[in-house]
Amino acid sequence: MKPDITKDCVKTLLDAKFIKVYDLQYAEGKHYFDATRRNEDDLVAVKSDEELKKMLPDAVTCAVILLGKSGPRLLLSREFRYPAGRFLLSPPAGLMDPEDKEGYEKGLSADDALISTAKREIWEETGLKVSENDRIFVLNQLLFSTPGMTDESNGLVCAVINLEDLSDEEIGQKLTSEGAVGSEVFDGFVLVDEDKAREIIKAGRDSYDNFFSVYTWCVLMYFVSGMWK
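Residues numbered from 1 in each chain as written. Predicted model: local features only at pLDDT ≥ 70, side-chain atom pairs only at ≥ 80, totals over all residues. Heavy atoms only, no water.

Remarks on the overall build of the chain
Note the threshold: For helices the rule is a DSSP run of H or I covering at least 4 residues; for strands it is a run of E covering at least 2, with both sets numbered from the N terminus onward. For each residue, the accessible area found with a 1.4 Å probe, counting protein chains only, is set against the maximum for its type, and the residue is called buried under 20%, exposed over 50%, and partly exposed in between. Here, residues are in contact when the closest pair of their heavy atoms is within 4.5 Å. Shrake-Rupley sampling with a 1.4 Å probe provides the accessible areas, and residues are treated as covered by the protein chains on show and by no other component. Counted charges follow a simple rule, with Lys and Arg positive, Asp and Glu negative, and His plus the chain ends left uncounted. To locate a charge, take NZ of a lysine, CZ of an arginine, CG of an aspartate or CD of a glutamate.
Of regular secondary structure, the chain possesses six helices and 10 strands. Expressed as lengths along the three principal axes of its C-alpha atoms, the size of the chain is roughly 65 × 40 × 35 Å. By residue count, 41% of the 229 residues in the chain fall in the buried class. Pairs at least 24 residues apart make up 60% of the contacts formed inside the chain by residues separated by at least 6 positions. Carbon together with sulfur atoms contributes 51% to the accessible area of the chain, which is approximately 12,900 Å² in total. Across the chain, the mean location of the 28 positive side-chain charges is 2 Å away from that of the 42 negative side-chain charges.

Considering the pairing of strand β2 (residues 20-27)
Spelled out, the test is: When DSSP locates at least two bridges between a pair of strands, those strands are taken to pair.
As judged from the five bridges shared by strand β1 (residues 10-15) and β2, these two strands associate in the antiparallel manner. Counted as the bridge partner of Lys11 is Asp23 from β2. Between the antiparallel neighbours β1 and β2 lie four residues. When β2 meets strand β3 (residues 30-36), the two strands line up antiparallel, connected through six bridges. Bridged to Tyr22 within β3 is Asp34. Taking the residues that link successive antiparallel strands as the turn, the β2-β3 hairpin has two residues, and the phi of Gly29 there is positive, at about 75°.

Considerations on a nonpolar patch on the surface
Formally: Grouping into patches uses exposed residues only, defined as over 30% relative accessible area, and leaves out salt-bridged ones; the cut-off is 9 Å for like charges and 5 Å for nonpolar side chains (Val, Leu, Ile, Met, Phe, Trp, Tyr). For this analysis, a salt bridge means a side-chain nitrogen from Lys or Arg found within 4 Å of a carboxyl oxygen belonging to Asp or Glu.
A grouping of Leu13, Leu14, Phe18, Ile19 and Phe33 is seen on the molecular surface, where their side chains present a nonpolar patch of about 490 Å² in accessible area. Residue placement: Phe33 occurs in strand β3.

A few points about the sheet that holds β3
How we decide: Angles here are taken between N-to-C directions and fall from 0 to 180 degrees, while the axes themselves are lines fitted to C-alpha atoms, restricted in helices to the stretch in contact.
Across the sheet, three strands lie side by side as β1-β2-β3; this open sheet has antiparallel pairing. In the strand order of this sheet, the two ends are held by β1 and β3, each with one partner. Across the sheet, the axes of successive neighbouring strands diverge by a mean angle of 25°, strand direction being ignored.

Structural notes on the pattern of salt bridges
With the rule as written, the count across this model stands at 17 salt bridges. The partner of Glu121 in a salt bridge is Arg120, and the shortest N-O contact between them spans 4.0 Å. The two residues Glu121 and Arg120 agree in class, both being buried. One connected set of salt bridges, linked through shared partners, spans Arg38, Asp42, Lys47 and Asp58.

Some points on the layout of surface pockets
Filter applied, for reference: Within this scheme a cavity is a closed region of a 1 Å grid, computed over the protein atoms alone, that accommodates a 1.4 Å probe without allowing it to escape, whereas a pocket is open but has protein on both sides within 12 Å along at least five of seven lines; lining residues each have an atom within 4 Å of a point. Grid points are joined across faces, edges and corners, and a volume is the space filled by probe spheres set on the points. Just so you know the grouping, Ala, Val, Leu, Ile, Met, Phe, Trp, Tyr, Cys and Pro go in nonpolar, Asp, Glu, Lys and Arg go in charged, and all remaining residues, Gly too, go in polar.
Put simply, the second largest pocket is a space of about 400 Å³. Along the wall of the second largest pocket there are 18 residues; nearest its centre are Ile5, Leu24, Val44, Ala45 and Pro147. Of the residues in the lining of the second largest pocket, the class split is 10 nonpolar, two polar and six charged.

What to know about helix α6 (residues 214-225)
Spelled out, the test is: For a helix, the expected span equals 1.5 Å multiplied by the number of residues minus one.
End to end, α6 covers 16 Å across 12 residues, agreeing with the expected 16 Å (1.5 Å per residue, within 8%). Within the span of α6, buried status applies to Tyr215, Thr216, Val219, Leu220, Tyr222, Phe223 and Val224. Directly after α6, the chain includes Gly226, whose backbone phi takes a positive value near 80°.

In structure tokens form, the structure reads like this:
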């Protein structure tokens with residue numbers, strides 16, 4: 001029988017600036033804990049089915065594919081991940097801004113809101129602007145990161161950027177993370193061809209022998225699948 005989690009079941013345990021923890025008391029003496037960025041009135045656990053269908057994700061992760069002289073390349077970076085304590089192979093990604101959500105509330109589609117976030121994050125973290133000659137589209141509106149611990153979610157967006165007149169070396173010179181904001185720290189970029197992507201997937205580790213996030217795995221798999229074509 002499905003536990004009935006209502007607003008009356010929710011008790012706030014921690015309310016900090018960047019993270020909150022709630023006790024979801026789903027039955028007498030039964031407790032489940034939810035770490036989240038969301039306010040109590042926006043928790044996923046108490047949303048109706050209809051509200052869930054209309055929900056925007058907390059963040060957007062981008063599969064950025066560059067079409068250069070040497071063929072398609074998946075663009076990844078080495079980003080410092082604080083809970084892991086090291087630089088991990090990562091795709092461009094970031095939280096949705098209030099402006100993106102406001103546009104959705106005023107009538108823009110969920111896809112428009114996710115694409116707006118994706119364009120901004122790609123620009124901030126790579127220095128590349130998605131132009132009218134490029135393709136950008138939503139792969140998945142919302143994926144839960146780890147619903148056994150948190151209700152945090154990411155949408156997946158793909159951007160296919162045309163740089164046909166540039167070699168890998170010239171593309172590398174064009175990339176910059178100087179637009180990154182807040183606590184974001186980077187240590188260079190990685191241009192991955194399909195063979196290298198398969199190698200990383202099979203190894204389960206990057207060239208520094210580090211593990212990586214499930215979202216890195218997602219964009220690697222999408223790239224080698226050829227579905228972006």
